[in-house]
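Architecture at a glance
Read off the chains here:
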Amino acid sequence: MFLMTYAMQILMVYVLAAVIPALVLLVYVYKQDKVEKEPIGLIGNLVLQGVFAALASIVLELIGEAVLPNVIREDNPMYVVVLAFLVVALVEEGTKFFFLRRRTWRDPNFNYRFDGIVYAVSVSLGFAAFENIEYVFRYGLMVAPTRALLSIPGHMGFAVFMGYFYGRAKLYDDIGDRRKAVLFQVLAVISAVFLHGFYDSCAMKGTAMSTVLFVVFVVAMYLIVFHMVRHESVTDEPV
């Protein structure tokens, strides 16, 4: 009984170390929704959609990693860049957007522009929390601080850009401008894929130059993202 209790405590520590950073950022963004708070049940469902996106990404990335060497040699200097952008970033941000749109596009609660950011961040942090649990259990608690400072906020940053364009896409759709609605949905995916791909490219390269670029990019993105969240919150408008 003692061993079982101890094992459960260790399990809980690992799960909390993986999940708490995502939860903190989710609460932060949720609190910035000043006009009309989204239902907690909807937020919880979107977090679950993020888990579904993570599971789908695992399968699609395995396929992409198997196919990619047939397209570009692994010793090619561009291999890492192509892997980062067209396999990891495109798959992960694509699946996030798929589950985001599938759940929220026609939901009556999606009635303010800032909701797009709240929804995108909820899906993305659900994805990040699930991914973080996997990493913590695979590599131990030693990876938790680094992922809390880099990976989790990184996913939030990509999501804020996605949500920024997604909210505007909904605004254009509701006023009947289908062309701009489609355009801004495309921009939602492209912006997140670009940021995610650049982030992963720098991290995966591992050179001195790529490390410097990574640090500058991460700091700049965090500053821009938190400014965007505050700005979009105070300038929110109905859709």
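Up top is the structure.
Report follows, based on the coordinates. Model, not experiment: these values are computed from the prediction. (Residues numbered from 1 in each chain as written. Predicted model: local features only at pLDDT ≥ 70, side-chain atom pairs only at ≥ 80, totals over all residues. Heavy atoms only, no water.)

Some words on the pattern of salt bridges
Per the stated rule, a full pass over the model turns up 11 salt bridges. A salt bridge links Glu 232 to Arg 113, with the shortest nitrogen-to-oxygen separation between them at 3.1 Å. With Glu 232 in helix H8 (residues 208-234) and Arg 113 in the loop between helix H3 (79-104) and helix H4 (115-139), this residue pair connects regions lying 119 residues apart in the sequence. On the basis of relative accessible area, Glu 232 is assigned to the buried category, the value being 3%. We note a salt bridge from Arg 113 to Glu 237, for which the minimum N-O separation is 2.8 Å. Of this pair, Arg 113 sits in the loop between H3 and H4 while Glu 237 sits in the segment after H8; the two residues are 124 residues apart in sequence, bridging distant segments of the chain. On the basis of relative accessibility, which here comes to 7%, the residue Arg 113 falls in the buried class. Since its relative accessible area comes to 31%, Glu 237 is described here as partly exposed. Beyond isolated ion pairs, a larger network of salt bridges with shared partners links Arg 113, Arg 168, Glu 232 and Glu 237. (Salt bridge = Lys/Arg side-chain N within 4 Å of Asp/Glu carboxyl O. Helix = DSSP H or I, 4+ residues; strand = E, 2+ residues; numbered from the N terminus. Buried < 20%, exposed > 50% of the residue type's maximum accessible area, 1.4 Å probe, protein only.)

Describing the packing of helix H2 (residues 40-67) against H4
With their axes 7 Å apart at the nearest point, H2 and H4 run at an angle of 50 degrees to one another. Judged on the interaxial angle alone, H4 and H2 are oblique. Crossing geometry of H2 relative to H4 is assigned as right-handed. Facing H2, whose interface residues are Leu 42, Ile 43, Leu 46, Val 47, Gln 49, Gly 50, Val 51, Ala 53, Ala 54, Leu 55, Ser 57 and Ile 58, H4 presents Val 118, Tyr 119, Ser 122, Val 123, Gly 126, Phe 127 and Phe 130. For the contact of H2 with H4, the class distribution of residues is 14 nonpolar, five polar and no charged. (Axes fitted to C-alpha atoms, helices over the stretch in contact; angles between N-to-C directions. Parallel < 35°, antiparallel > 145°, perpendicular 65-115°, else oblique. Left-handed = near helix turned anticlockwise from the far one by under 90°. Contact = heavy atoms within 4.5 Å. Nonpolar A, V, L, I, M, F, W, Y, C, P; charged D, E, K, R; others polar.)

Quick word on the packing of aromatic side chains
In this description, an aromatic ring pair is defined by two values, namely the gap between the centres and the angle between the planes. Throughout the structure, instances matching the rule amount to 17 aromatic pairs. Look at Phe 165 and Phe 184: their rings are 6.0 Å apart centre to centre, the planes differ by 45 degrees, and that puts the pair in the tilted class. Of the two residues, Phe 165 sits in helix H6 (residues 151-174) while Phe 184 sits in helix H7 (residues 178-205), which places them 19 residues apart along the sequence. The two residues Phe 165 and Phe 184 agree in class, both being buried. The rings of Phe 97, Trp 105, Phe 110, Tyr 119 and Tyr 166 are connected pair by pair, giving a single aromatic cluster. One cation-aromatic arrangement involves Lys 170 over Trp 105; the distance from NZ or CZ to the ring centre is 5.3 Å. (Phe/Tyr/Trp six-rings, centres within 6.5 Å; stacked < 30°, edge-to-face > 60°. Lys NZ or Arg CZ within 6 Å of the ring centre and 35° of its normal.)

Considering the packing of H3 against H4
Across the interface, H3 lies against H4 with an axial gap of 10 Å and an inter-helix angle of 130 degrees. Judged by the angle between their axes, H3 and H4 are oblique. At the point where H3 passes H4, the crossing takes the right-handed sense. On H4, the residues that touch Glu 92, Thr 95, Lys 96, Leu 100 and Thr 104 of H3 are Tyr 119, Ala 120, Val 123, Ser 124, Phe 127 and Glu 131. Classifying every residue of the contact of H3 with H4 gives five nonpolar, three polar and three charged.

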